[in-house]
Amino acid sequence: MTAAQAAGADALARLVRDVADFPTAGIVFKDITPLLADPDGLRAVVAGLADAGRDDDGRPAVDKVVGMEARGFILGAPVALELGVGFVPVRKAGKLPGETHAVAYALEYGDAVLEIHCDAVAAGERVLVIDDVLATGGTARATADLVAACGGTVAGMAFLMELSFLPGRATVGDVAVTALSVV
């Protein structure tokens, strides 16, 4: 873990609150809104996530950052700025204008479809995927499939938190995963 990632982990420990029984009974929701409201904490997690997209010399090792709707947008766009690369949104079906690639995938509570613009990632570009939580890995795996459909390569994935009691890492496969906090 880099110094920036350790600082991001500290910000998470201080600023993420647990909300019991949300959205349903038995679930403990990790609320990141206090983190987002704290500029120093947000700056720390953005720097920590960005380190997942750097080489050993600290230079950007990716061409794009991809974030999934919606918290991946909030985190991914500033990570892209930190790295000096472009940001690409992955959205729910029907939200992007123009030609898109689509992937259907299973959720714990049903099915979903994600889309990316066909021209959002160029062939051969290396991508860092960003989201708030790695749980079952379905959304992250679907996003990786969309990047591949564009001709890009997922160089890594970075998350604020990983729920280690769920199969997220196994689902995403042989991709470097960085989590600032493992629960």
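Refer to the structure printed above.
Residues numbered from 1 in each chain as written. Predicted model: local features only at pLDDT ≥ 70, side-chain atom pairs only at ≥ 80, totals over all residues. Heavy atoms only, no water.

A.B. asks: Where do I start with the sheet that holds strand 7 (residues 126–134) in this structure?
C.D. replies: Backbone hydrogen bonds hold the strands of a sheet together, and the pairing may be parallel or antiparallel. On the basis of which strands lie adjacent, the open sheet formed by seven strands has the order 5-6-4-3-7-8-9 and mixed pairing. The sheet is open, and its two edges are formed by strand 5 (100–107) and strand 9 (177–182), each paired on a single side. The mean angle between the axes of side-by-side strands here comes to 20°, regardless of whether they run parallel or antiparallel. As paired strands, strand 8 (residues 153–162) and strand 9 are joined by five bridges and run parallel to one another. Looking across to strand 9, one finds that Glu162 is bridged to Val182. In the packing of helix 3 (residues 39–51) onto the sheet, the strands contacted are strand 7, strand 8 and strand 9, and the crossing angle to strand 8 comes to about 145°. Strands in contact with helix 5 (residues 138–150) are strand 3 (64–68), strand 4 (86–92), strand 5, strand 6 (110–117), strand 7 and strand 8; relative to strand 5, the strand with the most contacts, it is inclined by about 160°. (Pairing = 2+ DSSP bridges. Helix = DSSP H or I, 4+ residues; strand = E, 2+ residues; numbered from the N terminus. Axes fitted to C-alpha atoms, helices over the stretch in contact; angles between N-to-C directions. Contact = heavy atoms within 4.5 Å.)

A.B. asks: Where do I start with the side chain of Thr143 in this structure?
C.D. replies: Here Thr143 lies in helix 5. Looking at Thr143, its side chain comes within polar contact range of the main-chain oxygen of Thr139, at 2.9 Å. In this structure Thr143 touches Val66, Met68, Val90, Leu114 and Val129, once residues within four positions along its chain are discounted. (Polar contact = N/O pair within 3.5 Å; in protein donor to acceptor, adjacent residues only side chain to side chain.)

A.B. asks: What exactly am I supposed to notice about the packing of aromatic side chains here?
C.D. replies: Aromatic ring pairs are defined here through the distance separating the ring centres and the angle between the ring planes. Evaluation of the coordinates by the stated rule reveals two aromatic pairs. The interplanar angle of 80° and the centroid separation of 5.2 Å between the aromatic rings of Phe22 and Phe29 together place this pair among those described as edge-to-face. Residue class for Phe22 comes out partly exposed when judged on its relative accessible area of 42%. Summarising the aromatic geometry, the rings of Phe73 and Phe87 are spaced 6.3 Å apart at their centres and angled 85° between planes, so their arrangement reads as edge-to-face. Remark: Phe87 occurs in strand 4 and Phe73 occurs in helix 4 (residues 71–83); sequence separation between them is 14 residues. In this structure Phe87 comes out as partly exposed when scored by relative accessible area, which is 27%. (Phe/Tyr/Trp six-rings, centres within 6.5 Å; stacked < 30°, edge-to-face > 60°. Buried < 20%, exposed > 50% of the residue type's maximum accessible area, 1.4 Å probe, protein only.)

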